[in-house]
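Structure assessment
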Amino acid sequence: MQTLKVLSLLLSYPEAEMLMALDEMATVVEQENLLLDDHKASVLALIDAYRGTDLLDVQEAYVALFDRGRFLSLHIFEHVHGESRDRGQAMVNLLQMYESHGFEMSTHELPDYIPLFLEFLSQQKQAEAVQLLHDAMPVLSLLGARLAERGSEFRVIFDALAGFAGEPEALEEIRQQAATEGEDETLVNMDEIWEEEA
């Protein structure tokens, strides 16, 4: 399921290697045919949007979107456990699942980093990948809804994942939350947040 690997790359911090592999990524999405037709077209359009772009510009835009607050954090357990102790145990459990499947992390990212999770799923049997992805869909759908509220083209990745694994039961409530929660004030309140967590 190399399409999941492509989605992983699209959701990762942009590197020159990715921009050089756009044709290959598009070919995988087209030929593997893992996604629903409209989602496939949207993902291909996202790939095309990178053509002719400046690497520094897309890196800057990526950081501004994903790395300047918690609302769009690409770490699953950030949205489930925050900074509680439960997050540490959830990390351990996920890491053990990776190891039991022979998946070796080649990055310094935490195991709940969504692009890493998608890379892991791309190496599993489809039925297991669908189940594991569906378990994470409440968080992924919230991220997709928040991206949609911001008019971000990255939302198509999460739409595609929902089409592949199935939408969560509480989708309407998730969309309502994204539509009414206001701005991410993490940066504004950073000092207070650090003091509370300390």
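Look a little higher up for the structure.
Read on for an overview of the structure.

What counts, and where the lines are drawn
Residues numbered from 1 in each chain as written. Predicted model: local features only at pLDDT ≥ 70, side-chain atom pairs only at ≥ 80, totals over all residues. Heavy atoms only, no water. Core = buried A, V, L, I, M, F, W, Y, C linked by side-chain atoms within 4.5 Å. Buried < 20%, exposed > 50% of the residue type's maximum accessible area, 1.4 Å probe, protein only. Helix = DSSP H or I, 4+ residues; strand = E, 2+ residues; numbered from the N terminus. Contact = heavy atoms within 4.5 Å. Salt bridge = Lys/Arg side-chain N within 4 Å of Asp/Glu carboxyl O. Polar contact = N/O pair within 3.5 Å; in protein donor to acceptor, adjacent residues only side chain to side chain.

Attention now moves to the nonpolar core. Formed by 57 residues in total, the largest nonpolar core has its most connected members in L10, I47, L133 and F158. Per element, the largest residue contribution to this core is nine residues, and it comes from helix α9 (residues 126–149). Among all residues touching F158, those that are not within four sequence positions of it are L11, L74, I114, M137, L140, L143, G144 and L147.

Here V6 shows up in helix α1 (residues 2–11). Separated by 112 residues in the primary sequence, V6 and L118 place their C-alpha atoms 9.0 Å from one another. Excluding residues that lie within four positions of it along the chain, V6 makes contacts with M25, V28, V29 and I47.

Across residues other than glycine, the phi torsion is negative in most instances, and most of the peptide bonds are trans. Located in the positive-phi region is N33, a residue other than glycine, with phi close to 55 degrees. For N33, the location among the structural elements is in the loop between α3 (22–32) and α4 (37–49). Take N33: its relative accessible area is 44%, and that puts it in the partly exposed class.

Opposite charge on two side chains allows them to pair when their charged atoms are near. For the structure on display, the rule yields five salt bridges. Of the charged contacts, one joins D23 and R51 as a salt bridge, the two residues approaching to 2.7 Å between their closest N and O atoms. Of this pair, D23 sits in helix α3 while R51 sits in the loop between α4 and α5 (55–66), and the two are 28 residues apart along the sequence. Overall, D23 belongs to the exposed group, its relative accessible area being 53%. Here R51 falls in the partly exposed class, since its relative accessible area comes to 38%. Residues joined in a network through salt bridges with shared partners are D23, D48 and R51.

What follows deals with the side chain of K40. Along the polypeptide, K40 turns up in helix α4. Every residue in contact with K40, bar those within four places of it in the chain, is listed here: V29, E30, N33 and L35.

A few words now on the side chain of S152. Here S152 shows up in the loop between α9 and α10 (155–165). Within polar-contact distance, the side chain of S152 engages the backbone nitrogen of F154 at 3.1 Å.

Below, the discussion takes up α10. For α10, a buried count of eight out of 11 residues is recorded, marking the element as mostly surrounded by other parts of the structure. If you check which residues of α10 are buried, you get V156, I157, F158, A160, L161, A162, F164 and A165. Two residues or fewer after α10 comes G166, characterised by a positive phi angle close to 100 degrees.

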